[in-house]
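The primary structure of each chain is shown beneath.
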Amino acid sequence: RGMTPPATIAPPPRASDAPSPCDDDLTAACLRRADAAPEQPTGAAVEALLDRAWRWGASDVHVSPTADDFVVRFRLDGVLEEVARLPRARLPLLVQ
């Protein structure tokens, strides 16, 4: 039995519902947690990602580096959805 996300944290829009499936709130939440834990910013950002993945019922989390950022995707209902983009400069240790 899957868990229903709390009403205050809606799942990201599907590609058919919006032009961009990225959730700016998730990006902001990761960066806020990273800023709040200067001794371990990457760990704090990962904790925020995993917390949201669990709340949304994601079966897996993918983080892919690009030249400027990290693209974060959650598998939701069997579909890999882009949910955030995190700047590489802020979280250089996210993917090694």
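Visitor: With reference to specific residues and values, describe the overall build of the protein.
Guide: Scanning the protein from N- to C-terminus turns up 2 helices and 3 strands. Mapped from its N terminus to its C terminus, the protein presents α and β elements in the order α-α-β-β-β. Per-residue burial for the protein yields a buried fraction of 36% across its 96 residues. For the protein, the proportion of contacts with a sequence separation of at least 24, taken over those separated by at least 6, is 42%.

Visitor: Lay out the side chain of Thr27 in plain terms, naming residues and giving numbers.
Guide: Relative to the elements of secondary structure, Thr27 occurs in helix α1 (residues 24–36). Setting aside its immediate chain neighbours within four residues, Thr27 contacts Ala84, Arg85 and Leu86.

Visitor: So, the confidence of the model for the protein: which residues are in play, and what are the values?
Guide: For residues with low pLDDT, the predicted coordinates do not support detailed interpretation. Overall, the predicted model of the protein reaches an average pLDDT of 79, with 73% of residues at or above 70. For residues 15–20, every residue scores under 50 in pLDDT, and the model assigns this stretch 3 contacts once sequence neighbours within four places are set aside.

Definitions and limits used
Residues numbered from 1 in each chain as written. Predicted model: local features only at pLDDT ≥ 70, side-chain atom pairs only at ≥ 80, totals over all residues. Heavy atoms only, no water. Helix = DSSP H or I, 4+ residues; strand = E, 2+ residues; numbered from the N terminus. Buried < 20%, exposed > 50% of the residue type's maximum accessible area, 1.4 Å probe, protein only. Contact = heavy atoms within 4.5 Å. pLDDT = per-residue confidence, 0-100.

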